[in-house]
Amino acid sequence: MGQALGLIQVDQSTVAIKESFGKFDEILGPGCHFLPWCIGKQIAGYLSLRVQQLDVRCETKTKDNVFVNVVASVQYRALADKASDAFYRLTNTREQIQSYVFDVIRASVPKMNLDDAFEQKNEIAKAVEDELEKAMSMYGYEIVQTLIVDIEPDEHVKRAMNEINAAARLRVAANEKAEAEKILQIKRAEGDAESKYLAGLGIARQRQAIVDGLRDSVLAFSENVPGTSAKDVMDMVLVTQYFDTMKEIGASSKSSSVFIPHGPGAVKDIASQIRDGQLQAKFV
């Protein structure tokens with residue numbers, strides 16, 4: 001009914017292209033407009049002013065001869081004051097944008113190695129955006145933003161990259177493990193040395209205490225029993241210790257000691273060996 005009366009409605013964020021006998025007349029904004037079709041006025045078409053997005057997948061290769069698929073997302077919109085250019089000058093806007101994206105990506109990525117391409121995605125996106133902005137502005141379009149959303153190398157290349165990364169991490173882990181084992185062995189050796197040092201100090205102190213005790217016993221016995229020599233006292237002490245040892249061995253029900261033929265006379269030989277050893281240590 002509205003069209004029969006020459007009335008049309010243009011929706012929000014949309015403009016209508018008005019023609020008069022096939023020639024561009026004016027741009028009609030959102031709202032209700034009178035269109036006297038009887039005198040050659042008509043609507044050639046509508047143009048959306050909303051931001052649109054185009055995803056472009058481009059296959060190319062890097063400087064180190066790795067084929068990759070680069071996915072770029074281009075956000076663009078038509079300008080209201082240049083709606084006639086956007087409507088009349090381009091037949092297929094999306095194909096035009098796609099051609100420019102292909103051209104820039106295939107000119108930029110082959111100059112980079114694969115690792116550099118991943119690191120410089122923003123530079124690639126900026127190059128695409130600059131080229132599109134310069135080319136599409138004359139056709140009445142504004143490039144809002146360009147993003148490189150993905151760089152996909154061949155599956156075999158990705159697997160090789162993962163294996164290289166895994167090998168590098170295993171190498172670092174092995175180095176860390178070896179370093180930890182080294183530190184552990186050093187600490188164990190230091191602990192063992194400290195333990196032996198302390199054990200040596202303990203043995204030395206024990207022997208010193210035994211010597212001091214024997215000395216005190218000899219001096220006390222010599223003072224209390226006139227006419228005895230140090231040799232007599234040492235023989236008596238050794239015999240006493242001999243019988244004390246035999247008593248302790250005999251008192252143990254689980255003793256695993258092995259006896260060899262011996263007699264009390266052997267103590268004299270032991271005493272002689274001890275005295276000779278002490279004399280030799282004194283004169284050395």
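You'll find the chain entered in an unreviewed UniProt entry as Band 7 domain-containing protein, with Urochloa decumbens given as the organism. Recorded in UniProt for the chain, the comment headed Function (unreviewed entry) runs: "Positive regulator of hypersensitive response (HR)-like cell death. May be involved in potassium ion channel regulation."

## Focus: the nonpolar core
If you look at the biggest cluster of nonpolar residues, it comprises 34 residues, and the most contacted ones within it are Ile97, Val101, Ile105, Leu132, Met136 and Tyr141. Element by element, the count of residues in this core is highest for strand S7 (residues 67-78), at six residues. Membership of the second largest hydrophobic core comes to five residues, among which are Ile8, Val10, Ala16 and Leu35.

## Describing the side chain of threonine 62
In this structure, threonine 62 sits in the loop between strand S6 (52-61) and S7. Within the structure, the side chain of threonine 62 is placed 2.4 Å from the side chain of aspartate 64, a separation counted as a polar contact. Those residues in contact with threonine 62 that sit more than four places away from it in its chain are Val68, Val109, Pro110, Met112, Asn113 and Leu114.

## Observations concerning the environment of arginine 89
Of note, arginine 89 is situated in the loop between helix H1 (83-88) and helix H2 (93-108). Separated by 50 residues in sequence, arginine 89 and tyrosine 139 place their C-alpha atoms 6.3 Å apart. Sequence-distant contacts of arginine 89, defined by excluding residues within four places in its chain, comprise Ser84, Met138 and Tyr139. Only 2.8 Å separates the side chain of arginine 89 from the backbone oxygen of methionine 138, close enough to count as a polar contact.

## Let's talk about the UniProt feature "coiled-coil region" (unreviewed entry) in the chain
UniProt records the feature "coiled-coil region" (unreviewed entry) at residues 157-190, using the numbering of this structure. Helix makes up 100% of residues 157-190 and strand 0%. Its end C-alpha atoms lie 49 Å apart.

## Some points on the sheet that holds strand S8 (residues 141-153)
In any sheet, the strands associate via hydrogen bonds between backbone groups, in a parallel or an antiparallel arrangement. Strand order in this open sheet of three strands is S6-S7-S8, and the pairing throughout is antiparallel. Since the sheet does not close on itself, it has two edges, and those belong to S6 and S8, each with one partner. Here the average twist between neighbouring strands, direction ignored, is 20°. Two strands pair when backbone bridges link them, and S6 and S7 are joined in this way by ten bridges, in the antiparallel orientation. Looking at S7, one finds that threonine 60 is bridged to valine 68. Relative to S6, H2 is tilted by about 35°, and along the sheet it contacts S6, S7 and S8.

## So, the sheet that holds strand S3 (residues 23-28)
Strand order in the open sheet made by the three strands is S3-S2-S5, with antiparallel pairing throughout. Looking at the sheet topology across the chains shown, the edges are occupied by S3 and strand S5 (41-48). Neighbouring strand axes in the sheet, compared pairwise and without regard to direction, differ in orientation by 30° on average. Note that strand S2 (residues 14-20) and S3 share five bridges and pair antiparallel. Opposite alanine 16, over in S3, you have leucine 28 as the bridge partner.

## Here we look at the pattern of salt bridges
If you walk through the whole model with that rule in mind, you get nine salt bridges. For aspartate 25, the salt bridge is made with lysine 18, and the minimal N-O distance between the two is 3.8 Å. Overall, the relative accessible area of 31% leaves aspartate 25 in the partly exposed class. Here lysine 18 falls in the buried class, since its relative accessible area comes to 10%. Its salt-bridge partner being aspartate 192, residue lysine 196 comes within 3.3 Å of it at the nearest N-O pair. Placement of both lysine 196 and aspartate 192 in helix H5 (residues 155-224) is noted, with a separation of four residues, approximately one turn of the helix. Sharing partners across several salt bridges, the network here consists of Lys18, Asp25, Glu26 and Lys41.

## Things to note about the side chain of glutamate 19
Tracing the backbone through its elements, the reader meets glutamate 19 in strand S2. Among buried Asp, Glu, Lys and Arg side chains, glutamate 19 stands out as unpaired, with lysine 41 the closest opposite charge at 11 Å. Polar side-chain contacts of glutamate 19 include one of 2.7 Å to the side chain of tyrosine 88. In this structure, glutamate 19 is in contact with Phe24, Asp25, Gly40, Lys41, Gln42, Ala44 and Tyr88, ignoring residues within four places of it in sequence.

Calculation criteria
- Residues numbered from 1 in each chain as written.
- Predicted model: local features only at pLDDT ≥ 70, side-chain atom pairs only at ≥ 80, totals over all residues.
- Heavy atoms only, no water.
- UniProt positions renumbered as here; feature names shortened; annotations may be inferred.
- Core = buried A, V, L, I, M, F, W, Y, C linked by side-chain atoms within 4.5 Å.
- Buried < 20%, exposed > 50% of the residue type's maximum accessible area, 1.4 Å probe, protein only.
- Helix = DSSP H or I, 4+ residues; strand = E, 2+ residues; numbered from the N terminus.
- Polar contact = N/O pair within 3.5 Å; in protein donor to acceptor, adjacent residues only side chain to side chain.
- Contact = heavy atoms within 4.5 Å.
- Pairing = 2+ DSSP bridges.
- Axes fitted to C-alpha atoms, helices over the stretch in contact; angles between N-to-C directions.
- Salt bridge = Lys/Arg side-chain N within 4 Å of Asp/Glu carboxyl O.
- Lys, Arg positive; Asp, Glu negative; His and termini not counted.

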